[in-house]
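Here is what each chain is made of, one letter per residue.
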Number of protein chains: 2
Amino acid sequence: MEKPYVVGIDIGGQTSKIGIVDARGTVLTQSTIRTDTHTDVNLYLDDLCSALNKLADQYGGIEKIRGIGIGAPNGNYYTGTIENAVNIVWGGSSAIPFAKLMTERLGIPVALTNDANAAAVGEMTYGAARGMKNFIMITLGTGVGSGIVINGSVVYGHDGFAGELGHTTSVRYNGRQCNCGRVGCLETYASAIGVARTAREWLEMTSEPSSLRELTDIITSKDVFEAASRGDTLAIRVFEFTGKKLGEAFADFVAFSAPEAIVLFGGLARSGDLLLKPIEENMNANLLPLWKNKIKIIFSQLKESDAAILGASALGWEL
Amino acid sequence: MEKPYVVGIDIGGQTSKIGIVDARGTVLTQSTIRTDTHTDVNLYLDDLCSALNKLADQYGGIEKIRGIGIGAPNGNYYTGTIENAVNIVWGGSSAIPFAKLMTERLGIPVALTNDANAAAVGEMTYGAARGMKNFIMITLGTGVGSGIVINGSVVYGHDGFAGELGHTTSVRYNGRQCNCGRVGCLETYASAIGVARTAREWLEMTSEPSSLRELTDIITSKDVFEAASRGDTLAIRVFEFTGKKLGEAFADFVAFSAPEAIVLFGGLARSGDLLLKPIEENMNANLLPLWKNKIKIIFSQLKESDAAILGASALGWEL
């Protein structure tokens, strides 16, 4: 029987998105369920499979699905398990054999990895990295995630958890405290939270005038972006600082895998030139001569609202 | 006709080593020629092929050779070229199609890469990394080189030059000047030259007693090792500092490719526990929790005198 579709599932702490995708990368239909209403993974799976079956019924039923790809926090590609996912209520403290449990229910192969790796596969399959064999996906959201592609395959490493570039060290001494327990991680500077933190620190430390001082709520990265877009000098410098941290880090990443391009994805990547210019400038200033001005920095070409589903779904074609 | 042997060639700035190797990783016979006596690559190749033919004649002639592997500075695996190798007199300023020139003369396939990548293939084929699919080779010699293996293959990147971990940043601000033109590279701290430099700086900056003060010649890393072995406190701290720089860097490398092990090779690796203990301690202190105490640091198992030939020769089996 012909199986023309794949399913992409993006499991977040609060909600999970499910979509059916065709070979051209069109999300034919999608829906959302709550992740956080069940403490038992089996009850969550009941909801998920029920939602998936409903979607599939619109397109000829579950037997038209070739494979299911899932992006999930701490998803292990090798084992199909979700391990110690503290931000998911049913994530528990040990390894949940999620892919296996789902295949048992639906009779369809399931692949699972973390969201940044899924985004990299999505970009390679449908987006800006089509045709590329060597690139690095950097997701700039609440945190900084990464998916590394070498010779056309995502790098999972010995244990399935490779590609944690948000937790490489940006500032070695007196760096910012990171949620991971370490200090000075790139993520503490270059994420949406990092941008807001830089702005708040600078507003506190200096008396420099800035339109951000007029805000009464806690300053977010969106506020900083809007202020910078209006020409606010302090806000512009926050983006320059953020781009410097990213550019410096990217130079080290290039020394590792010599990628053709680094692809930026996520909310902060929408800052455009405000972030891109300082990234390019600082990356090139820190690259070995052989790579100067040769590494492309490009933006994801996946539609933001579909990206998480598309990324996960792309894993389904590999099954 | 049966072709039971491969040839390994290690091209250094002053001399080149040539050896014939069997499938068990035994160097059956070897010889050395000068690299620096010819400014023309063709004359150098005449010498090299003549030396190689002589060796081959001892083992049934050139037709018994399956392939030739070469480790050379700035060797590009994809193109078989040696590019801008400033330390080789015939290296010139452009790309020399070395593998092609050699195949034309001998009628045997030739693969070429840099020495650290060759060492990684050697370790995987004959040494401490046998059976490993994911590891990082770090060569601690005059400089710091690296060969990264992912899914059983050396990472060459988009352009053939991936794996320059000696030129990732160890100290971001006020770091030591590196020969590459950058500042703060790992290599300026963690190489043999870096060790000697640290010792000389500390002797100059402090009045701490040390047996190193009695030396009349310029202090080398070997002097520092010998002093540390005798219990010299300053020399021991130089190794602790060097190990700290390596351990911190290794934590970032692990975040990239999640290797099973990091394999140490080269002169400085013979320092044993003096270097190993601070590396392990500082790597584990800087790793994400999921990797703490899980990444092996091991020493190369290739015999030092044969290692360069063995490493290069291992490429010959892949042809």
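Here, every reference points to the structure presented above.
All residue numbers refer to positions counted from 1 along the written sequence of the respective chain. Numbering of ligands from 1 and lettering of chains from A proceed in the order in which they are written. For a predicted model such as this one, the threshold for reporting local features is a pLDDT of at least 70, and the threshold for listing and counting side-chain atom pairs is 80 or more; totals across whole chains, interfaces and linings nevertheless cover every residue. Remark: hydrogens and water are excluded; side-chain values derive from all non-hydrogen atoms of the structure.

A.B. asks: What is the right way to read the overall build of chain A from this model?
C.D. replies: Numbering of helices and strands starts at the N terminus; helices are DSSP runs of H or I of at least 4 residues and strands are runs of E of at least 2. Regarding its fold elements, chain A presents 9 helices and 13 strands. Only C-alpha atoms enter the radius of gyration; for comparison, a globular chain is expected to reach 2.2 Å times N to the power 0.38, where N is the number of residues. Relative to the 2.2 N^0.38 estimate, which gives 20 Å for 319 residues, the radius of gyration of chain A is 20 Å and therefore close to what a compact globule would have. The principal-axis extents of the C-alpha atoms in chain A amount to approximately 65 × 45 × 35 Å. Evaluated residue by residue, chain A yields a buried proportion of 60% over its 319 residues. By definition, residues are in contact when any of their heavy atoms lie within 4.5 Å. Considering only contacts within chain A whose residues lie at least 6 apart along the sequence, 62% involve residues at least 24 apart. When the accessible surface of chain A is totalled, it reaches about 12900 Å², and 49% of it is carbon and sulfur. If the 28 positive side-chain charges of chain A are averaged to one point and the 34 negative ones to another, these points end up 4 Å apart. A simple rule labels every residue: compare its accessible area, found with a 1.4 Å probe on the protein chains alone, to the largest value its type can have, and call it buried under 20%, exposed over 50%, or partly exposed in between. In this description, accessible areas are obtained by the Shrake-Rupley approach with a 1.4 Å probe, and a residue is regarded as covered only by the protein chains that are shown. Charge counting treats Lys and Arg as positive and Asp and Glu as negative, with His and both chain ends excluded. Charge coordinates come from a single atom per side chain, which is NZ of Lys, CZ of Arg, CG of Asp or CD of Glu.

A.B. asks: Sorry if this is basic, but what is going on with helix α8 (residues 273-286) of chain A here?
C.D. replies: Think of an α-helix as 3.6 residues a turn; residues three or four steps apart then line up on the same face. Residues and elements named next belong to chain A. For a helix, the expected span equals 1.5 Å multiplied by the residue count minus one. An ideal rise of 1.5 Å per residue puts 20 Å on 14 residues; α8 measures up with 19 Å between its terminal C-alpha atoms. Within the span of α8, buried status applies to Leu275, Leu276, Pro278, Ile279, Asn282, Met283, Asn284 and Asn286. If you follow the buried residues of α8, they end up packed against β9 (135-140), α7 (233-257), β12 (261-265) and β13 (296-299).

A.B. asks: Is there a simple way to explain the pattern of salt bridges in this structure?
C.D. replies: Pairs can form between side chains of opposite charge whenever their charged atoms are close. Salt bridge, as applied in this entry: a Lys or Arg side-chain nitrogen positioned within 4 Å of an Asp or Glu carboxyl oxygen. With the rule as written, the count across this model stands at 26 salt bridges over all chains. The residue B:Arg237 makes a salt bridge to B:Glu208 at a minimum N-O spacing of 2.2 Å. Here the residue B:Arg237 occupies a position in helix α7 (residues 233-257), and B:Glu208 occupies one in the loop between α5 (192-205) and α6 (221-229), the gap between them amounting to 29 residues. Through salt bridges with shared partners, a single ionic network connects A:Arg172, A:Arg182, B:Lys244, B:Glu248 and B:Asp252.

A.B. asks: Could you clarify how one ought to interpret the pairing of strand β2 (residues 15-21) of chain A in this entry?
C.D. replies: Side-chain positions along a regular strand alternate between the two faces of the sheet. Residue and element names in this part refer to chain A. Of all 7 residues that make up β2, 5 are buried, and the element is covered over most of its length. Strands were regarded as paired on the criterion that DSSP finds at least two bridges between them. The pairing of strand β1 (residues 5-11) with β2 spans 6 bridges and is classified as antiparallel. Paired with valine 7 across the strands is isoleucine 20, a residue of β2. In this antiparallel pair of consecutive strands, β2 and strand β3 (residues 27-34), the connection spans 5 residues, and glycine 25 shows a positive phi of 85°.

A.B. asks: What's the story with the relation of the copies chain B and chain A in this structure? I'm lost.
C.D. replies: For the pair of chain copies, the relating operation is a rotation around an axis with a shift along it. Superposing copies: least-squares fit, C-alpha atoms only, residues required to have pLDDT of at least 70 in both. Note on the identical chains: chain B maps onto chain A by a rotation of 180° and an axial translation of 0.0 Å, with an RMSD of 0.0 Å. In short, the pair behaves as if placed about a two-fold rotation axis. Interface overlap between copies: 100% of the residues of chain B at the interface are likewise at the interface in chain A, consistent with a symmetric, same-surface contact.

A.B. asks: Help me understand the packing of α7(A) against α7(B), please; the structure alone is not making it clear to me.
C.D. replies: The axes of two packed helices give the description: the angle between them and the distance between them. Only the stretch in contact is used when fitting a helix axis, every axis being a line fitted to C-alpha atoms; angles between N-to-C directions are given from 0 to 180 degrees. In contact at an axis separation of 11 Å, α7(A) and α7(B) are set at 70° when each is read in the N-to-C sense. By the angle between their axes, α7(A) is roughly perpendicular relative to α7(B). In terms of crossing hand, the pair formed by α7(A) and α7(B) is right-handed. Side by side, α7(A) and α7(B) meet where A:Phe253, A:Phe256 and A:Ser257 of the first sit next to B:Phe253, B:Phe256 and B:Ser257 of the second. Residues are grouped as follows: Ala, Val, Leu, Ile, Met, Phe, Trp, Tyr, Cys and Pro are nonpolar; Asp, Glu, Lys and Arg are charged; all remaining types, including Gly, are polar. Split into classes, the residues belonging to the contact of α7(A) with α7(B) amount to 4 nonpolar, 2 polar and no charged. Orientation categories follow fixed angle ranges, with anything under 35 degrees roughly parallel, anything over 145 roughly antiparallel, 65 to 115 roughly perpendicular, and all other angles oblique. Helix crossings fall into two classes, left-handed where the near helix is turned counterclockwise from the far one by less than a right angle and right-handed where it is turned clockwise.

A.B. asks: Mind showing me how you'd approach the sheet that holds β2(A) here?
C.D. replies: Pairing between the strands of a sheet comes from backbone hydrogen bonds, and it takes one of two forms, parallel or antiparallel. All names here are of chain A. Sheet architecture is open: 5 strands sit in the order β3-β2-β1-β4-β8, paired in mixed fashion. Strands at the two margins of the open sheet, each flanked by one partner only, are β3 and β8 (110-113). Going across the sheet, the axis of each strand differs from the next one's by a mean of 15°, ignoring polarity. In the sheet, strand β4 (residues 65-71) pairs with β8 via 4 bridges, with the strands oriented parallel. If you follow glycine 69 over to β8, its bridge partner there is alanine 111. Contacting β1, β2, β3 and β4, helix α1 (residues 41-57) crosses the sheet at an angle of about 155° to β3. The sheet contacts of helix α3 (residues 115-126) involve β1, β2, β4 and β8, and relative to β8 the element is tilted by about 115°.

A.B. asks: Help me understand the environment of A:Thr125, please; the structure alone is not making it clear to me.
C.D. replies: Residue and element names in this part refer to chain A. Relative to the assigned elements, threonine 125 resides in helix α3. Taking the C-alpha atoms as reference, threonine 125 lies 34 Å from alanine 228; in sequence the two are 103 residues apart. With residues near it in sequence (within four places) discarded, threonine 125 still touches Arg130, Ala314 and Trp317. Throughout this description, a polar contact denotes any pair of N or O atoms lying within 3.5 Å of each other; where both atoms belong to protein, one of them has to be capable of donating a hydrogen while the other can accept it, and for residues adjacent in sequence the pair is counted only when both atoms sit in side chains. Within polar-contact distance, the side chain of threonine 125 engages the backbone oxygen of valine 121 at 2.6 Å.

A.B. asks: I'm lost on the pairing of β9(A) in this one. Help?
C.D. replies: Residue and element names in this part refer to chain A. Counting buried positions along β9 gives 6 out of 6 residues, so the element sits mostly inside the fold. Because side chains alternate across β9, one face comprises the buried residues Phe135, Met137 and Thr139, and the other comprises Ile136, Ile138 and Leu140, equally buried. Pairing between β9 and strand β10 (residues 144-150): 6 bridges, direction antiparallel. Each bridged residue has a counterpart across the sheet, and for phenylalanine 135 the counterpart in β10 is valine 149. Bridge count between β9 and β12: 5 bridges; the pairing is parallel. In the sheet register, threonine 139 faces β12, and the bridge partner there is phenylalanine 265.

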